[in-house]
Amino acid sequence: MPLPKRAIAASFLPDRYRYWYSLSKLAMDPLYEAVPGAFADEREPLLDLGCGIGLLLHCLRARGREFPYVGVDTDAVKIDAARAASARGGHASADFQVCDLSVQFPKHEGSVALLDVLQYLPQQAQGTLLSQAAQCVSRHGQLVIRTGLADGTWRGTLTRATDRFGHLVGWMKTSFKSQPSAQELRAVLQRHGLQAEFKPLWGRTPFNNWLVIARRPTSAAA
Ligand SMILES: C[S@@+](CC[C@H](N)C(=O)[O-])C[C@H]1O[C@@H](n2cnc3c(N)ncnc32)[C@H](O)[C@@H]1O
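Being a predicted model, the structure only gives us computed values, none of them experimental.

> What is the right way to look at the pairing of strand 3 (residues 95–98) in this model?
Regular strands show a simple pattern: their side chains alternate between the two faces of the sheet. Where strand 2 (residues 69–73) lies against strand 3, four bridges are found, and the strand directions are parallel. Bridged to V70 within strand 3 is D95. For the segment spanning strand 2, helix 5 (residues 76–88) and strand 3, crossover handedness is right-handed.

In structure tokens, the structure reads:
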């Protein structure tokens, strides 16, 4: 069954801009089907780092994923919008907090989502944030990342250019800093005992987006 895109977008009314933004994101970006799919067998609490307006929460709940959810983002305006929409959508148990992840990191144990955020941090800060996220992953939890990868492809170049454009025209307050490579990501995750699986997630978009799912190996999780 497809996601109830219009009902989710309607949670952002009366803000027409956020209504159309949500509807078009849900229609075009495979992320919002893929991530609830990755959490199909999950019960661990989820920390959504750089949650934006909290679209992921609505998609998780629409797919029956009822585990506790906390979303954090540095943009206070988006957090206000996320809180209002989650209340309108009937997801009162979710929590949203303003948090600049380059300065502080919330206490958490369970699963973590880090979707389209890494590129807004300088390379060193990316490593720090990945390490902090990895350390939160419980024995049965997972770290789900969506990111562009620096791999020398035309998709990578276009993704970087689009992120820079998004900042120039004001879609994103924070500016594009850097794309990680698959090797860098894998190395940090391995240091924290996580095994990562990489899958392309660009759907019908021209962007170099990858879904990375990192878990503790089964013997460690038993
Ligand atoms: C492209 S949006 C992705 C939103 C959401 N994760 C999603 O996929 O629907 C990137 C988000 O990262 C947030 N962000 C960027 N730098 C951040 C930081 N230092 N701390 C917390 N959030 C940050 C932005 O405010 C923005 O909401």
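> What am I meant to see in the packing of aromatic side chains here?
Here the distance between the centres and the angle between the planes together describe a pair of aromatic rings. Applying the stated criterion across every chain, the model contains five aromatic pairs. Aromatic side chains Y19 and W20 sit 5.0 Å apart centroid to centroid with 85° between the ring planes, which places their arrangement in the edge-to-face category. For Y19, a relative accessible area of 10% puts it in the buried group. Judged by its relative accessible area of 47%, W20 falls in the partly exposed class. In this arrangement the basic side chain of R16 is found over the ring face of Y19, its NZ or CZ atom lying 5.5 Å from the centre. Cation over ring: R155 sits above W202, and NZ or CZ is 4.1 Å from the ring centre.

> Is there a simple way to explain the site of the ligand in this structure?
The local shell around the ligand holds 20 residues, among which Y32, G50, D73, L101 and L115 are the closest. Between an oxygen atom of the ligand and a side-chain N or O atom of Y32, the distance comes to 2.7 Å. In this structure, K78 approaches the ligand through a side-chain N or O atom, which is 3.2 Å from an oxygen atom. For the shell around the ligand, the per-class residue count stands at 10 nonpolar, five polar and five charged.

> What is the right way to read helix 8 (residues 182–191) from this model?
For the α-helix, the turn length of 3.6 residues means that residues three or four positions removed from each other point alike. Of the residues making up helix 8, those classed as buried are L185, V188 and L189. Looking straight down helix 8, one finds its buried side chains confined to an arc of 95°; they lie on one side. Among the exposed residues of helix 8, those pointing more than 90 degrees away from its buried face are Q183, Q190 and R191. Check the buried side of helix 8 and you find it contacts helix 6 (123–135), strand 5 (142–148), strand 6 (195–200) and strand 7 (209–215). A positive backbone phi angle near 75° is found at G193, which sits one or two residues after helix 8.

The rules behind each value
- For every chain, the first residue of its written sequence is number 1, and the numbers climb from 1 along that sequence.
- In keeping with the model being predicted, local features are shown solely for residues with a pLDDT of at least 70 and side-chain atom pairs are shown and tallied solely at 80 or more, while totals for entire chains, interfaces and linings include all residues.
- Side-chain numbers come from the whole structure's heavy atoms, not from hydrogens or water.
- By the convention used here, strands pair only if DSSP detects at least 2 bridges between them.
- By definition, any uninterrupted DSSP run of H or I lasting at least four residues is a helix, any uninterrupted run of E lasting at least two residues is a strand, and each is numbered from the N terminus.
- A crossover counts as right-handed when, viewed with the strands pointing away from the observer, the path leading from the first strand over the helix to the second turns clockwise.
- Any pair of Phe, Tyr and Trp rings, taking the six-membered ring for Trp, is counted once the centres come within 6.5 Å. Such a pair is stacked with planes under 30 degrees apart, edge-to-face with planes over 60 apart, and tilted for the rest.
- To sort residues, take the accessible area from a 1.4 Å probe on protein chains only and compare it with the maximum for the residue type: under 20% means buried, over 50% means exposed, and anything in between is partly exposed.
- Here, over-ring charges are defined by two tests on the NZ atom of lysine or the CZ atom of arginine: distance to the ring centre within 6 Å, and angle to the ring normal within 35 degrees.
- We define proximity as follows: a residue is near a molecule or strand when any one of its heavy atoms falls within 4 Å of that partner.
- Polar contact is defined as a pair of N or O atoms within 3.5 Å, subject to the rule that within protein one atom must be able to donate a hydrogen and the other to accept it, and that residues adjacent in sequence are counted only when both atoms are side-chain atoms.
- Amino acids are sorted into nonpolar (Ala, Val, Leu, Ile, Met, Phe, Trp, Tyr, Cys and Pro), charged (Asp, Glu, Lys and Arg) and polar (every other residue, Gly among them).
- Note that the arc is computed from the directions linking the helix axis to the C-beta atoms.
- Should any heavy atoms of two residues lie within 4.5 Å, those residues are counted as being in contact.

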